[in-house]
Amino acid sequence: QEMDALFRQLQIHPIFISEFKQASWGLNGTVIHPGVDVVQDFPGGYSGRQPSLLRVCSNYQFREFMNGKSLGDQIVHGLPNLLLGENNGPECTENNIHNGNRLTQVGMTRDFNHLREVLREFRALVMTNIPAYEDGWNLSSLEAMAQGMPILTSFHPRTPIIDGVNGFMSDRTDHLRGKAMELLRDREMSQELGARARET
C-alpha cells in the first residue's frame, strides 16, 4: 500500500509481464503479456538437425531458486547440451557448474539471426522455472516454440506446455530425462511436437 501510494504520487504506472508477477509485487498496475511475431521475427523452419538440448538463462549459477539449475543439470547430465546466456563463464566451466558433465557447452548468441539459427537446429529446449518465483514460460520458451522447437519442462501450474502434445512436462526429473533421450534419438518426434508448439 505504501509503495502504491508512492507510485501514485510520482505518477508511475507499473507494467507487469503476468498476473503472477503483479501479485508477487502486490502493486496495482497493468499486465501486458509477452509475445513474439511468429510471421516476421520467427518464421519457423525448425529442423532439429543438431542432436543436442538447449537451455537459456543468464547468471544461471546464481538463479537456482528461480530457474532450477540443479533440475536442469539432472535432466541434461551426460547428454549433449548448450547453455546460452550472459555471465555463465568462466565460473561456469564444464567441470565446475556442470559437475564434470563434459558434454555441456556454454556460450552466447552473436545476434538475433544466430539465436534463430540455434532455435531451428537444436533438438529441444529444457525449461525448469520454479513456480514460486517464475512463470511457467518466459521469452526464450516463447521464441523456441514460435520457431517450432519442442519444450521439456518441469511441472508448473502456469505453462503453455501440454505433456505429450507440444513438449513434455513432469514433476519427475527421471521422466524428463527419459523424454530428452527419446527426443535426441527421434528427430521426427521432435519435429511433430515442435509443430504443435508453434501452433500453440
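Our structure's up above, just so we're on the same page.
The rules we used
- The numbers attached to residues start from 1 for each chain and follow its sequence in the written order.
- For a predicted model such as this one, the threshold for reporting local features is a pLDDT of at least 70, and the threshold for listing and counting side-chain atom pairs is 80 or more; totals across whole chains, interfaces and linings nevertheless cover every residue.
- Think of the side-chain values as coming from all heavy atoms in the structure, minus any hydrogens and water.
- Secondary structure elements follow DSSP: runs of H or I of four or more residues count as helices, runs of E of two or more count as strands, with numbering from the N terminus.
- Salt bridges are counted wherever a side-chain nitrogen of Lys or Arg sits within 4 Å of a carboxyl oxygen of Asp or Glu.
- Buried residues are those whose accessible area, probed at 1.4 Å on protein chains only, stays under 20% of the maximum for their type, while exposed residues exceed 50% and partly exposed ones sit between those limits.
- For the purposes of these results, a polar contact is taken to be a pair of N or O atoms within 3.5 Å, where, inside protein, one atom must be able to donate a hydrogen and its partner to accept one; residues adjacent in sequence count only when each atom of the pair is a side-chain atom.
- Residue contacts follow a heavy-atom distance rule, with two residues in contact if any of their heavy atoms lie within 4.5 Å.
- A pair of strands is treated as paired once DSSP finds two or more bridges between them.
- Convention adopted: a line fitted to C-alpha atoms gives each axis, helices being fitted over their contacting stretch, and angles between N-to-C directions are expressed from 0 to 180 degrees.

Visitor: Explain the environment of Val39 to me, please; I cannot follow it from the model alone.
Guide: Along the chain, Val39 turns up in the loop between strand 2 (30-31) and strand 3 (50-56). When the C-alpha positions of Val39 and Ala146 are compared, they lie 8.9 Å apart, and in sequence the two are 107 residues distant.

Visitor: Can you help me understand the pattern of salt bridges in this one?
Guide: As a working rule, side chains carrying opposite charge can pair if their charged atoms are close by. By the definition in use, this model includes eight salt bridges. Put simply, Lys21 and Glu134 hold a salt bridge, and the shortest N to O gap is 3.0 Å. With Lys21 in helix 2 (residues 19-25) and Glu134 in the loop between strand 6 (122-127) and helix 6 (139-147), this residue pair connects regions lying 113 residues apart in the sequence. Classification of Lys21 by relative accessible area gives buried; the value is 18%. Among the ionic pairs, Asp135 bridges to Arg158, the shortest N-O distance being 3.9 Å. Of this pair, Asp135 sits in the loop between strand 6 and helix 6 while Arg158 sits in the loop between strand 7 (151-154) and strand 8 (167-170), and the two are 23 residues apart along the sequence. For Asp135, a relative accessible area of 4% puts it in the buried group. Residues joined by salt bridges that share partners form a network here, namely Arg55, Lys69 and Asp73.

Visitor: What exactly am I supposed to notice about the side chain of Asp135 here?
Guide: There is a polar contact of 2.9 Å between the side chain of Asp135 and the side chain of Ser18. Once you skip the residues sitting within four places of it in the chain, Asp135 turns out to touch Ile17, Ser18, Phe20, Lys21, Asn129, His156 and Arg158.

Visitor: How should the sheet that holds strand 5 (residues 104-107) be read in this particular structure?
Guide: Sheet strands associate in pairs through backbone hydrogen bonding, adopting either a parallel or an antiparallel arrangement. Spatially, the six strands line up as an open sheet ordered 5-4-3-6-7-8, and their pairing is parallel. Bordering the open sheet on either side are strand 5 and strand 8, each of which pairs with just one other strand. When strand polarity is set aside, the average angle formed by the axes of neighbouring strands in this sheet is 20 degrees. With four bridges joining them, strand 7 and strand 8 adopt parallel strand pairing. Bridged to Leu152 within strand 8 is Phe168.

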